Amino acid sequence: TSKTGKHGHAKAHIVANDIFTGKKYEDLCPSSHNLDVPFVKRMEYQLLSADPDTCEVSLLKESGETKDDLNLPTMVNVGEPTPDDKKVVEEILKAVDDGKEIIVIVQSACGEEKIIQAKISDPK
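Residues numbered from 1 in each chain as written. Predicted model: local features only at pLDDT ≥ 70, side-chain atom pairs only at ≥ 80, totals over all residues. Heavy atoms only, no water.

J.: I'm lost on the sheet that holds strand E6 (residues 66–67) in this one. Help?
T.: Two modes of strand pairing occur in sheets, parallel and antiparallel, and in both the strands are linked by backbone hydrogen bonds. If you walk across this open sheet you meet the five strands as E6-E5-E4-E7-E8, and the pairing is antiparallel. The outermost strands of the open sheet, each flanked by one partner alone, are E6 and strand E8 (112–121). Looking at chain direction, strand E7 (residues 101–109) and E8 are connected through nine bridges and run antiparallel. Directly across from Gln 107, in E8, lies its bridge partner Lys 114. Contacts from helix H1 (residues 83–97) reach strand E4 (41–50), E7 and E8, with the element oriented near 50 degrees to E8. (Pairing = 2+ DSSP bridges. Helix = DSSP H or I, 4+ residues; strand = E, 2+ residues; numbered from the N terminus. Contact = heavy atoms within 4.5 Å. Axes fitted to C-alpha atoms, helices over the stretch in contact; angles between N-to-C directions.)

The structure is reproduced here in structure tokens:
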């Protein structure tokens, strides 16, 4: 917080990082105002297939249904993929080529979803 402003309100200086792009955001707002806080959810899915050309992935839900609405993390709508995104994609594609079992961790918030991590193991 900082000193009171012209109208007598203390200000809060908020610094945040976008969990999908890594971009840093700053805001200065009155400390008496309410702010929305995103609800972040992490889910684990088994990877069924990953296409390196189209960046499409097919995931298996716990219910046994497939989830086909996600892409590899290097396919971004805004900006450039982060170095972490590129590393995760390399790990996934190498594991697919090697025939390994892959569990991906999907983070979702504010209507967006993204694969953020992969757990790789030998098939049972």
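J.: Mind showing me how you'd approach the nonpolar core here?
T.: In summary, soluble globular proteins display a tendency toward joint burial of nonpolar side chains. With 17 residues, the main nonpolar core has Leu 47, Val 57, Leu 59, Ile 92, Val 104 and Ile 115 as its most contacted residues. Elements that contribute at least two residues to this core include exactly E4, strand E5 (57–60), H1, E7 and E8. Tallying contributions element by element places H1 first for this core, with four residues. Once residues within four sequence positions are removed from consideration, Leu 47 is found in contact with Val 57, Ser 58, Leu 59, Ile 92, Val 96, Ile 102 and Val 104. (Core = buried A, V, L, I, M, F, W, Y, C linked by side-chain atoms within 4.5 Å. Buried < 20%, exposed > 50% of the residue type's maximum accessible area, 1.4 Å probe, protein only.)

J.: Where do I start with the layout of surface pockets in this structure?
T.: To find leftover empty space, a probe the size of one water molecule is rolled over the atoms. In this structure, the largest pocket encloses a volume near 1,000 Å³. Considering the residues around the largest pocket, the lining is formed by 33 residues, among which Asp 18, Ile 19, Phe 20, Cys 110 and Glu 112 are closest to the centre. Taken together, the elements giving at least two residues each to the lining of the largest pocket come down to strand E2 (10–17), strand E3 (24–30) and E8. With four residues, E8 is the single largest residue contributor to the lining of the largest pocket. Considered class by class, the residues forming the lining of the largest pocket number 18 nonpolar, six polar and nine charged. (1 Å grid on protein atoms, 1.4 Å probe; cavity = no way out; pocket = protein on both sides within 12 Å on 5 of 7 lines; lining within 4 Å. Points joined across faces, edges and corners; volume = space filled by probe spheres on them. Nonpolar A, V, L, I, M, F, W, Y, C, P; charged D, E, K, R; others polar.)

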